[in-house]
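Observations on chain architecture
This is what each chain is made of:
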Amino acid sequence: MTRPNRRSHTVPHAAPVALIALAVAGALTACTDNPTGSAGAAGGSGSGPLSVISTDDACQVSATRAPSGTLSFAVRNEGSKVTEFYLLAQDKLRIVGEVENIGPGLSRDLVLTAPPGTYYTACKPGMTGPGIQAEFTVTDSGAVLEASGADADLVAQANTLYAAYVKDQTEQLVARTDEFVAAYTAGIDDAARALYPVARTHWERIETVAESFGDIDPRMDAREADLEPGQTWTGWHVMEKDLWPPASGYSALTPAQRREFAELLVADTEILHDRTRSMSFTADQIGNGAKGLLDEVATGKVTGEEEAWSHTDLWDFQANVDGARVAWEGLRPLLTKRDAALDTRLEQQFAALQTLLDTHRRGEGFVSYTELSPAEVKALSDAVNALGEPLSRLTAAVV
Amino acid sequence: MTRRSLFGVAAGGAVALGGAAAIARSDGAAALAGSAGPASAPAAYPFHGAHQAGIVTPAQDRLHFAAFDVTSRTRQDLVDLLRAWTAAAAELTQGRTVSQGGAVPYDAPPTDTGEALGLTASRLTLTFGVGPSLFEDASGADRFGIAERRPRLLERLPHFPADKLDPARSDGDLCIQACADDPQVAVHAIRNLSRIAFGTASLRWAQLGYGRTSSTSTAQQTPRNLFGFKDGTNNLKAEDPELTDEHVWVHTQDDPASAWLAGGSYLVARRISMHLETWDRTSLREQELITGRDRAEGAPLSGGTEFTEPDLAALGGDGAPLIDPRSHLALAHHSTNNGHRMLRRGYNFTDGSTALGRLDAGLFFIAFVRNPASQYVPLQTKLSRDDIMMEYLQHTGSGLFAVPPGVGAGEFVGQGLFA
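The following refers to the structure shown. It should be emphasised that the depicted structure is a prediction, and the values quoted were computed from it without experimental measurement.

Looking at the environment of A262(A)
Residue and element names in this part refer to chain A. Topologically, A262 is positioned in helix α8 (residues 255-275). Here the alpha-carbon distance between A262 and G363, two residues 101 residues apart in the chain, equals 27 Å. Leave out the neighbours within four places in its chain, and A262 touches V181, T185 and M239.

Okay, here's the thing in structure tokens:
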């Protein structure tokens, strides 16, 4: 589990994104990789960023026209109300790009790709009504732009795939958890120890979704070190410690206690199962979920902190990577259209990380974390960084 | 984007641009708080030039030195990294954000990490080097098709007497020396360059330094090391172009097989821990005897003032040399080392404390030399063996790097390696 977790609050409640908005061109996101090469090449916009000053009764845009390509609007709210800024299509209805919830005094950038045509800029102080609109012309810079239109279908397709994956994993989680607690409550500890990382794999694959349920996640997945004074410790890691107890200073749980913890875990797993039957995901949720899973690897698994007693961290590691890969795969049709270079980079780094992980396989699973040398941990960490950096740019490329 | 101008916009829009923020970053003003450089020093040093900046550049106050291992196996990745580092360095050293990509979407992580927003260039210099392990791996295999270009002098430094090197603080395929007057600017640079490297190179070790222990310009005062003595009195100075040409810069004919290094140099890095607690229990007489100079002025014990040439032959009333031949000064002085000299650019460091409650502190020694085999190795061998100061020193980290020449516009650092 992640300690005080932003995602658990933001993911399920994320504001709906404007799925039709064209997002970032490859040139922008590639800057870090190749600052001398492609900067500006794909975007084709010859002008600098446009500035927008939104007040309570005016919407001052620094220009009324710009060449086609990547457009940047630096929006500043100098009014007293919370404002929004839109670039609308010629019909004044279709949203090409938007920034919302800009508080008084704050600034925010809108970056989008626009083909030639007539548009309308709109500030919406107070966030109601049609806003203060003005015509805006995008001239033809000659830049080749990807046509939009089918993107909503691609997002829907990614959602279908990812929602199905979450459903499938929770079903398997329920089944494997039942097997695990059966062995555990029966006192068949060897079997329980073997089933523990197998069952948790299904949890870890969808960890960012599971964590979004702030009520059951701490009950199910809190580590002992995560607790605050007076908090009751329940869930997977209680049983982990009981199955791999410290050499001294630990009293084994009684059969009755084992049953109590097992029943709570099963009940919470059922809740998770039920809640994930009809979930749907936006592109940014899927993209941020992938990034979040890699963050989990970087902060909890590669450091060996997640499974402090069983040391089955590499199982969790693999499961987090599995989940991130599935999320990315669902978004690939969209990503290859928006930023093929980023997609290629992700493909390479997923493969490199998997190759490295595979060297630590043993039987159906993995070696204990304690068997890894510091150099092997460093190599894994390097591979996680290598994947995590491009993966952090996935969301912006698909929203 | 200029960090100062970004700050101006964020702080109050167009109005602030005409105000204090804009004035503070104007290049001529150099009105930097805590400035250690000469009063006439510019606020930013040019990145492009015949030599890399950060060598004869007047030593800034702070250091963040980082060594990297290349994790990728492909030559193209390495070239791309050096190209990206070069482009980023050209921005960062001028006080700008790491890339000029402009605005990024709200759903993307910012390209620049942001902690230097509103700060000046702070005289940041970024100096890049390549280690011997970049060319060949432990088994002698050519890693990136550049093995034949390895300069013959670029070898792992030998073991010196009393070395206690930590592999986790030694060597590396690549290095970056970031120097700035503001530590946050230097750290920002290394952080962003490390981030750019993810997937191609990973940080192997790093060292923060403060309180430059050498002056590299006659306009700078000689600072003191943690022993309390002035350090670097006899250092090579930028104002001696003939001496730096002779002792610092590699010449084309030095190593015809490595002509790419001409105009570059070699960087010797040594993390030297100081046993401060025992030093502090040492009498002033003993401290000065060990150093060969007086503590108050830094004058040689043969007399005069700081910059008086030491007279190693001068005898005291008892017939013994005034400067002990085993003293640090006597052993290190160029007159006893075949005239060899180095450009030193070290910094003090304090990395918290040890488990025994001692300061984990010392000198992060950096020297630039034209020929490490003649200018550094014999001297360090002699010092490690004979210098009575060694009782208070322990070398705990080490690295030797070849520092490519400077880059022109459109080039990338180390380009000659791949030409």
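Description of the state of the cysteines
Scanning all chains against the criterion turns up one disulfide over all chains. The disulfide bridge from C59(A) ends at C123(A), spanning 2.0 Å between sulfur atoms. Because the torsion about its S-S bond is 60°, the bridge between C59(A) and C123(A) counts as right-handed. Residue C59(A) is located in strand β2 (residues 59-61), and its partner C123(A) is located in strand β8 (residues 117-123); the two are separated by 64 residues in the primary sequence. Distance from the sulfur of C175(B), which forms no disulfide, to the nearest cysteine sulfur (C179(B)) is 11 Å.

A closer look at the sheet that holds β8(A)
Residue and element names in this part refer to chain A. The strand order across the open sheet formed by five strands is β3-β9-β8-β5-β6, and the pairing between neighbours is mixed. The two strands at the open ends of the sheet, each matched to only one other strand, are β3 (65-67) and β6 (95-102). When strand polarity is set aside, the average angle formed by the axes of neighbouring strands in this sheet is 20°. Where strand β5 (residues 83-88) meets β6, five bridges bridge the pair, whose relative direction is antiparallel. Its bridge partner lying in β6, Y86 is registered against E98.

Comments concerning the nonpolar core
If you look at the biggest cluster of nonpolar residues, it comprises 73 residues, and the most contacted ones within it are W85(B) and L126(B). In terms of residue count, helix α4 (residues 75-92) of chain B provides more of this core than any other element does, 10 residues in total. If sequence neighbours within four positions are ignored, L126(B) has contacts with F47(B), Q52(B), A53(B), A89(B), L92(B), T93(B), I176(B), Q177(B), A178(B), A189(B) and L193(B). A192(A), W236(A), L342(A) and A383(A) belong to the second largest nonpolar core, which has 72 residues in total.

So, the packing of helix α11 (residues 340-358) of chain A against helix α12 (residues 374-391) of chain A
All names here are of chain A. Their axes nearest at 9 Å, the elements α11 and α12 cross at an angle of 160°. The angle between α11 and α12 falls in the class roughly antiparallel. Here α11 and α12 pass one another in a crossing that is left-handed. Listed contacts from α12 to L342, R345, L346, Q349, F350, L353, L356 and L357 of α11 are A379, L380, A383, V384, A386, L387, P390 and L391. When grouped by side-chain class, the residues that make up the contact of α11 with α12 number 14 nonpolar, one polar and one charged.

A word on helix α4 (residues 189-205) of chain A
Here α4(A) contains 17 residues, and its C-alpha end-to-end distance of 25 Å stays within 8% of the 24 Å for a straight helix at 1.5 Å per residue. Restricting attention to buried positions, one finds in α4(A) the residues A192(A), L195(A), Y196(A), P197(A), A199(A), R200(A), T201(A), H202(A), W203(A), E204(A) and R205(A).

Describing the pairing of strand β2 (residues 125-130) of chain B
All names here are of chain B. Burial runs high along β2: six of the six residues are buried. On β2, burial covers both faces: T125, T127 and G129 on one face and L126, F128 and V130 on the other are all buried. The sheet contact formed by β2 and strand β3 (residues 174-180) spans six bridges and is antiparallel. Across the sheet, V130 pairs through a bridge with L174, a residue of β3.

Comments concerning the side chain of D77(B)
Turning to its location among the elements, D77(B) is positioned in helix α4. No salt bridge forms around the buried D77(B); measuring N to O, its nearest opposite-charge neighbour R345(A) is 4.4 Å away. Here the side chain of D77(B) touches S72(B) through a polar contact of 2.7 Å, side chain to side chain. Contacts of D77(B), omitting those with residues within four sequence positions, involve R345(A), S72(B) and T200(B).

Some details on helix α11 (residues 377-386) of chain B
Here α11(B) has its buried residues at L379(B), Q380(B), K382(B), L383(B) and S384(B). Its buried side turned inward, α11(B) meets α9 (328-332), α10 (372-375) and β9 (393-403) of chain B.

A closer look at empty space enclosed by the protein
All names here are of chain B. In the structure shown here, the tally under the stated rule is five cavities of 30 Å³ or more. The set of elements that each furnish at least two residues to the lining of the largest cavity consists of β5 (265-274), α9, β8 (359-369), α11 and β9. Here the lining of the largest cavity is composed, by residue class, of 16 nonpolar, 17 polar and seven charged.

Criteria and thresholds
Residues numbered from 1 in each chain as written. Chains lettered and ligands numbered in written order. Predicted model: local features only at pLDDT ≥ 70, side-chain atom pairs only at ≥ 80, totals over all residues. Heavy atoms only, no water. Helix = DSSP H or I, 4+ residues; strand = E, 2+ residues; numbered from the N terminus. Contact = heavy atoms within 4.5 Å. Disulfide = S-S within 2.5 Å. Pairing = 2+ DSSP bridges. Axes fitted to C-alpha atoms, helices over the stretch in contact; angles between N-to-C directions. Core = buried A, V, L, I, M, F, W, Y, C linked by side-chain atoms within 4.5 Å. Buried < 20%, exposed > 50% of the residue type's maximum accessible area, 1.4 Å probe, protein only. Parallel < 35°, antiparallel > 145°, perpendicular 65-115°, else oblique. Left-handed = near helix turned anticlockwise from the far one by under 90°. Nonpolar A, V, L, I, M, F, W, Y, C, P; charged D, E, K, R; others polar. Expected span 1.5 Å × (residues − 1). Lys, Arg positive; Asp, Glu negative; His and termini not counted. Salt bridge = Lys/Arg side-chain N within 4 Å of Asp/Glu carboxyl O. Polar contact = N/O pair within 3.5 Å; in protein donor to acceptor, adjacent residues only side chain to side chain. 1 Å grid on protein atoms, 1.4 Å probe; cavity = no way out; pocket = protein on both sides within 12 Å on 5 of 7 lines; lining within 4 Å. Points joined across faces, edges and corners; volume = space filled by probe spheres on them.

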